[in-house]
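Structural characterization, general
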Amino acid sequence: MTWDIFVQDMPSGLTHAREIPRTFRPTALGKRDVLIEKITAFEPAVDFSDPSWGHLRHSSFLVEFNLGRQPVVDAFALHIRGAREARLFVCALLDWLGFRAFDPRAECGLFRSGGNAVTSLRRWRQYRAQLQHPGT
């Protein structure tokens, strides 16, 4: 079970996912090989031996980067397992890349650093615990 964050172009200044205009059409995030270069410049330990699916194994968390198979990336997903440090990593990575992301566990539907990300991670952990221990 992972905490999933979905990175894509979105209008600036949003405070809630429902504020995205119906007419908005996101632009591509860039060429996959350029994104891989930027990600590995930020964190050299990310393994992109499969360019469509990267892995970062940190001592307290795991992040999988689902970039897809197309040479140009419209959006990508981060699949996260582990400790609170993962939240800090995602915040810093998105800042580094200059991207925003959707977080289905956040009330506003957007990934934001600070309390919003903490709450989202807590909700994901509670959901995971319910699946692992139903009825408790």
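Heads up: the structure comes first, above all this text.
Below is a short write-up of the structure.

Turning next to the side chain of Glu64. Mapped onto the secondary structure, Glu64 falls in strand β4 (residues 61–66). Its relative accessible area of 12% is what places Glu64 among the buried residues. Of note is the side chain of Glu64, whose polar atom sits 3.1 Å from the side chain of Arg81. Dropping the residues within four chain positions of it, Glu64 is found in contact with Trp53, Gly54, His55, Ala77, Leu78, His79 and Arg81.

A word on the nonpolar core. Grouped together as the largest cluster of nonpolar side chains are 28 residues, with contacts concentrated most on Phe65, Phe76 and Leu78. Taken together, the elements giving at least two residues each to this core come down to β1 (3–8), α1 (32–42), β4, β6 (75–82) and α2 (85–97). With 7 residues, the top contributor of residues to this core is α2. Membership of the second largest hydrophobic core comes to 6 residues, among which are Met10, Phe102, Cys108 and Leu110.

Bringing the sheet that holds strand β8 (residues 110–111) into the picture now. Strand order in the open sheet made by the 6 strands is β3-β4-β6-β1-β7-β8, with antiparallel pairing throughout. With partners counted over all chains shown, the strands left at the sheet margins are β3 (53–57) and β8, one partner each. Sheet analysis places strand β7 (residues 100–102) next to β8, joined by 2 bridges and oriented antiparallel. Across the sheet, residue Phe102 finds its bridge partner in β8, namely Leu110. Here α2 sits on the sheet and contacts β1, β3, β4, β6, β7 and β8; the angle it forms with β4, its principal contact strand, is near 35°.

Glancing now at the packing of aromatic side chains. One pass over the full model with this rule turns up 6 aromatic pairs. Consider the rings of Trp3 and Phe111, whose centres lie 6.1 Å apart with planes at 45°: the pair is tilted. With Trp3 in strand β1 and Phe111 in strand β8, this pair connects stretches of sequence that are 108 residues apart. With respect to burial, Trp3 and Phe111 carry one shared label: buried. Aromatic side chains Phe48 and Phe65 sit 5.7 Å apart centroid to centroid with 55° between the ring planes, which places their arrangement in the tilted category.

Cut-offs and rules
Think of each chain on its own: its residues are numbered from 1, step by step along the sequence as written. In keeping with the model being predicted, local features are shown solely for residues with a pLDDT of at least 70 and side-chain atom pairs are shown and tallied solely at 80 or more, while totals for entire chains, interfaces and linings include all residues. The basis for the side-chain values is all heavy atoms of the structure; hydrogens and waters are excluded. Secondary structure is summarised from DSSP: a helix means a run of H or I of at least four residues, a strand means a run of E of at least two, and numbering begins at the N terminus for each. Three labels apply to residues, based on accessible area from a 1.4 Å probe with only protein chains included: buried if under 20% of the type maximum, exposed if over 50%, partly exposed otherwise in between. For the purposes of these results, a polar contact is taken to be a pair of N or O atoms within 3.5 Å, where, inside protein, one atom must be able to donate a hydrogen and its partner to accept one; residues adjacent in sequence count only when each atom of the pair is a side-chain atom. Here, two residues are considered to be in contact whenever any of their heavy atoms come within 4.5 Å of each other. Nonpolar cores were defined as sets of buried Ala, Val, Leu, Ile, Met, Phe, Trp, Tyr and Cys residues, with membership established by side-chain atoms within 4.5 Å. Only when DSSP finds a minimum of two bridges between them are two strands counted as paired. Only the contacting stretch of a helix is used when fitting its axis, a line to C-alpha atoms as for every element, and angles between N-to-C directions run 0 to 180 degrees. Stacked, tilted and edge-to-face pairs are distinguished by plane angle, under 30 degrees for stacked and over 60 for edge-to-face with tilted covering the rest, among Phe, Tyr and Trp rings (Trp via its six-membered ring) whose centres lie within 6.5 Å.

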